[in-house]
Amino acid sequence: MTTATRLLLAILAVIVASCAALPGKAPPDDRSVLSGTITYRPRVALSPEAVVRVWLQDMSDPRSPVPVIVDMQTIRKPGQVPIAYALRYDPAKIVAQRRYTLLVKIYEGDRTRFVNAKPVDVLTRGCAANCEIVVDLMN
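Residues numbered from 1 in each chain as written. Predicted model: local features only at pLDDT ≥ 70, side-chain atom pairs only at ≥ 80, totals over all residues. Heavy atoms only, no water.

Q: Teacher, can you tell me more about unusual backbone geometry here?
A: Glycine aside, the phi torsion of most residues is negative, and most peptide linkages are trans. Here the bond from Val 81 into Pro 82 is cis, since omega is 0°, no more than 30 degrees from zero. Examined against the element boundaries, Pro 82 turns out to sit in the loop between strand E3 (68-76) and strand E4 (83-89). The backbone phi angle of Lys 77 is positive, close to 50°, even though this residue is not glycine. Topologically, Lys 77 is positioned in the loop between E3 and E4. For Lys 77, a relative accessible area of 68% translates into the label exposed. Although it is not a glycine, Leu 123 sits at a positive phi angle of roughly 65°. You can see Leu 123 is positioned in the loop between strand E7 (120-122) and strand E8 (131-137). For Leu 123, a relative accessible area of 19% puts it in the buried group. (Helix = DSSP H or I, 4+ residues; strand = E, 2+ residues; numbered from the N terminus. Buried < 20%, exposed > 50% of the residue type's maximum accessible area, 1.4 Å probe, protein only.)

Right under this line is the structure:
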């Protein structure tokens with residue numbers, strides 16, 4: 001192998017190694033994604049300042065007044081319905097015998113505008129992918 005070829009290979013190796021270290025790509029993790037859409041029936045537009053929050057809850061203990069939150073996603077400026085969500089969670093925290101639900105609230109300012117009144121079972125007893133959540137208008 002000539003000196004020029006060795007030099008070229010060394011330069012290429014440096015370029016490839018530096019590209020792998022570029023920011024912008026998150027390192028892979030061991031988290032799973034629960035995704036779908038959020039919608040509502042009333043023909044009402046959301047304000048540009050609306051915020052959507054999606055909670056993955058462990059509802060297994062009926063004695064617990066507050067469900068255990070497994071994970072949460074906040075969507076700022078969601079636009080109009082249907083609103084896509086992608087809630088990342090750690091599958092190591094999921095126990096097959098437990099009951100998990102999604103809670104969705106849409107806020108406008110300091111006011112809760114929409115909420116899903118009926119729990120939506122997910123993962124172990126319900127939807128595992130592309131879950132549609134219908135939220136209700138608060139009075």
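What follows continues from the structure just given.
Q: For this particular structure, what's the right way to read the nonpolar core?
A: Generally speaking, soluble globular proteins have nonpolar side chains that are buried together. One finds Ile 38, Leu 56, Leu 102, Ile 106, Val 122 and Ile 133 to be the most contacted residues of the largest nonpolar core, which totals 25 residues. Of all elements in the fold, only strand E1 (32-40), strand E2 (51-58), E3, E4, strand E5 (100-108), E7 and E8 reach the threshold of two or more residues within this core. If sequence neighbours within four positions are ignored, Val 122 has contacts with Leu 34, Leu 56, Tyr 100, Thr 101, Leu 102, Cys 127 and Cys 131. (Core = buried A, V, L, I, M, F, W, Y, C linked by side-chain atoms within 4.5 Å. Contact = heavy atoms within 4.5 Å.)

Everything listed here is a matter of coordinates, which is why it stays silent on function.
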